[in-house]
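# Structural overview for review
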Amino acid sequence: MKSIVIDPITRLEGHGKIHLFVNDDGELANCYFQVPELRGFEKFCQGRPVEELARITTRICGVCPDAHHMASAKAADAVYGVTIPSAARKLRELVYNAFYAGDHTTHFYALGGPDFVCGPDAPKAERNILGVIAKVGLDAGKKVIAQRARGQRVIEIIGGKKVHPVTAIPGGMSKRISKEEQQEIIKIGEEMVEFAKFTIQVLNDVVLANKAYLEMILSDSYAHQTYNMGLVDANNHVTFYDGKVRVTAPDGTEHAKYEPKDYLQYVEERVEPYSYLKYPYLKKIGWKGFVDGMDSGVYKATPLARLNVAEGMATPLAHAEYERYFETLTGDRTGKTPVNSTLATHWARVVELMFACEATLEQAKDEEITSDHVLDPPTSIVGEGVGIVEAPRGTLTHHYKTDQNGIVTEANLIVGTTNNNAPITMSIKRAAEGLIKKGTTITDGVLNRIEMAFRAYDPCFGCATHSLPGEMPLEVVVHSAESGEIINVVRRQC
């Protein structure tokens with residue numbers, strides 16, 4: 001038996017490692033996916049005023065603080081039983097769509113893109129954003145940076161800061177925007193839509209025009225038959241800020257559709273001793289292990305899952321891309337037949353990028369966003385609240401319980417990546433089984449193709465690690481300063 005460790009796995013947010021065990025015949029015997037870091041925000045949110053959590057939980061991660069800001073603010077609204085003004089809701093949704101446009105851009109070009117633009121077997125020194133720029137040109141790199149800046153500028157205008165927004169508070173927003181700021185956001189929205197069109201052309205030229213890539217995307221090594229989860233609006237269209245949670249089965253039928261406050265009736269979390277990341281599953285189906293199928297409660301909540309649970313997109317260009325995506329991958333443009341190819345998540349992300357850009361422009365033109373009425377201060381307290389948004393990496397749930405003074409007594413966070421922990425584990429194993437066969441030389445390219453199985457999920461392990469098993473397990477690895485070889489390993493198990 002031979003052990004191969006991919007540590008650290010790369011181009012993700014946070015830290016993780018993969019252990020592969022290869023038998024004497026050269027075939028995969030087993031593999032483990034571990035997340036060795038811990039955030040533990042659920043614990044130290046206790047004892048804090050609930051209105052502070054919209055600023056505290058953004059510090060979980062610098063990649064998607066806006067998602068935590070919005071989920072936390074919505075949960076705090078519910079704790080105080082307050083309905084926010086219409087203008088405040090529109091401002092929150094507008095800034096959230098602008099955040100999405102920047103975040104999806106980052107993953108497509110900097111994290112997932114190098115595998116396709118540079119090639120999965122390219123030298124690892126080239127599989128990065130600089131390698132992408134070398135392939136597509138400096139002007140394209142400037143466009144990507146400009147798009148990131150646009151999203152951050154909208155967050156700065158509405159959210160008060162470019163990275164960790166602060167303006168969503170219980171009852172609405174702490175500030176309004178001016179007419180001049182509205183005009184600036186409209187211009188940004190127009191530029192975002194043009195960038196989304198450019199990205200679709202990049203997808204067409206680099207990925208879809210490459211027959212080998214399409215075969216890899218549709219191969220069994222990157223396919224899973226799991227349930228899908230995502231927020232939908234009243235028309236069952238994809239939405240990011242608000243709506244009902246819809247869950248569909250591997251065959252496309254609806255399993256559940258529920259209000260965020262009812263999530264505990266449908267979702268349960270499981271803990272394994274080797275990871276700080278929990279394993280949520282569908283409560284009414286049950287946990288059957290890391291297996292596919294209608295009888296397994298494993299579900300995924302990703303861009304691919306969101307398109308699978310929806311019946312279309314709410315903006316015209318994104319809807320046209322939605323139909324093209326399903327027609328190409330399933331032969332049915334209506335979306336009734338789910339896409340189960342993990343690597344197609346990258347394409348689904350581009351469809352969502354177009355939607356986020358169009359929605360930013362559309363919502364920026366709404367005159368109500370400059371209203372003075374953006375806050376209705378709470379006057380009473382309920383003592384419990386749930387807030388759900390769609391983070392770029394999956395359905396994000398914040399659930400708080402407080403005393404009568406609004407001090408948090410319990411906090412439960414199911415982060416986007418947490419939903420996908422089981423399917424990520426399964427995808428890594430499926431890819432490894434397909435790639436490591438008798439007689440195969442395990443090259444860096446083979447290991448990278450295994451990493452591609454988790455990278456499609458755009459995981460954020462920094463956000464997602466909240467299992468607190470007691471005394472913290474610790475492993476110290478001492479390397480030689482000269483050779484880099486491991487000279488000692490000290491372990492403390494909980």
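Notes on the structure in this doc start here. (Residues numbered from 1 in each chain as written. Predicted model: local features only at pLDDT ≥ 70, side-chain atom pairs only at ≥ 80, totals over all residues. Heavy atoms only, no water.)

Note that the residue after Asp-7, namely Pro-8, is joined by a cis bond; omega there is 0°. Secondary-structure assignment places Pro-8 in the loop between strand 1 (2-6) and strand 2 (17-22). One non-glycine residue, Asn-236, lies in the positive phi region at around 60°. Checked against the element boundaries, Asn-236 lands in the loop between strand 6 (227-232) and strand 7 (244-248). Residue classification places Asn-236 among the buried residues on the basis of a relative accessible area of 9%. Non-glycine residue Asp-458 carries a positive phi angle of around 50°. Mapped onto the elements, Asp-458 comes out in the loop between helix 15 (444-455) and helix 16 (461-464). By relative accessible area, which is 2% here, Asp-458 ends up buried. (Helix = DSSP H or I, 4+ residues; strand = E, 2+ residues; numbered from the N terminus. Buried < 20%, exposed > 50% of the residue type's maximum accessible area, 1.4 Å probe, protein only.)

This part covers the side chain of Asp-77. Its location among the elements puts Asp-77 in helix 3 (residues 65-80). A residue is classified by how much of its surface remains accessible, and Asp-77, at 7% relative accessible area, is buried.

Here we take up the sheet that holds strand 12 (residues 384-391). Here three strands make up an open sheet; going across it, the order is 12-13-14 and the pairing antiparallel. Each end of this open sheet is capped by a strand with a single partner; those strands are strand 12 and strand 14 (408-414). Neighbouring strand axes in the sheet, compared pairwise and without regard to direction, differ in orientation by 10° on average. In the sheet, strand 13 (residues 394-402) pairs with strand 14 via six bridges, with the strands oriented antiparallel. Within strand 14, the residue paired with Tyr-400 across the bridge is Ala-411. (Pairing = 2+ DSSP bridges. Axes fitted to C-alpha atoms, helices over the stretch in contact; angles between N-to-C directions.)

Moving on to helix 4 (residues 86-111). Between its first and last C-alpha atoms helix 4 spans 36 Å; for 26 residues at 1.5 Å apiece the expected length is 38 Å, and the two agree. Within helix 4, 21 of the 26 residues are buried, leaving the element largely enclosed by the surrounding structure. (Expected span 1.5 Å × (residues − 1).)

Considering all chains together, one arrives at 34 salt bridges under this definition. Measuring nitrogen to oxygen at the nearest pair gives 2.7 Å for the salt bridge that ties Arg-176 to Asp-372. Placement of the pair is Arg-176 in the loop between strand 5 (172-173) and helix 8 (179-208) and Asp-372 in the loop between helix 12 (345-364) and strand 12, with a sequence separation of 196 residues. By relative accessible area, which is 35% here, Arg-176 ends up partly exposed. Two residues, Asp-262 and Lys-261, come together in a salt bridge whose shortest N-O distance is 3.3 Å. Among the charged side chains, a network of salt bridges with common partners joins Lys-74, Arg-89, Glu-93 and Asp-242. (Salt bridge = Lys/Arg side-chain N within 4 Å of Asp/Glu carboxyl O.)

In spatial order, the strands read 1-2-3; together these three strands make up an open sheet with antiparallel pairing. If you trace the sheet from one side to the other, it starts and ends with strand 1 and strand 3 (28-34), each paired once. In this sheet, adjacent strand axes meet at a mean angle of 15° when their direction is disregarded. As paired elements, strand 2 and strand 3 share six bridges and run antiparallel to each other. Each residue of the ladder has a partner; that of Phe-21, found in strand 3, is Asn-30. Along the sheet, helix 14 (residues 421-435) contacts strand 2 and strand 3; its crossing angle with strand 3, the most-contacted strand, is approximately 150°. (Contact = heavy atoms within 4.5 Å.)

Tracing the backbone through its elements, the reader meets Thr-58 in the loop between helix 2 (53-56) and helix 3. In this structure Thr-58 comes out as buried when scored by relative accessible area, which is 1%. One polar contact links the side chain of Thr-58 to the main-chain carbonyl oxygen of Arg-55, over a distance of 2.7 Å. Every residue in contact with Thr-58, bar those within four places of it in the chain, is listed here: Pro-65, His-68, His-69, His-164 and Pro-165. (Polar contact = N/O pair within 3.5 Å; in protein donor to acceptor, adjacent residues only side chain to side chain.)

Attention shifts here to the packing of helix 8 against helix 12. Packing of helix 8 against helix 12 leaves a shortest axis separation of 8 Å and a crossing angle of 160°. One element, helix 8, and the other, helix 12, form an angle in the roughly antiparallel class. Two packed elements cross with a definite hand, and for helix 8 against helix 12 that hand is left-handed. A class-by-class count of the residues in the contact of helix 8 with helix 12 yields 16 nonpolar, four polar and three charged. (Parallel < 35°, antiparallel > 145°, perpendicular 65-115°, else oblique. Left-handed = near helix turned anticlockwise from the far one by under 90°. Nonpolar A, V, L, I, M, F, W, Y, C, P; charged D, E, K, R; others polar.)

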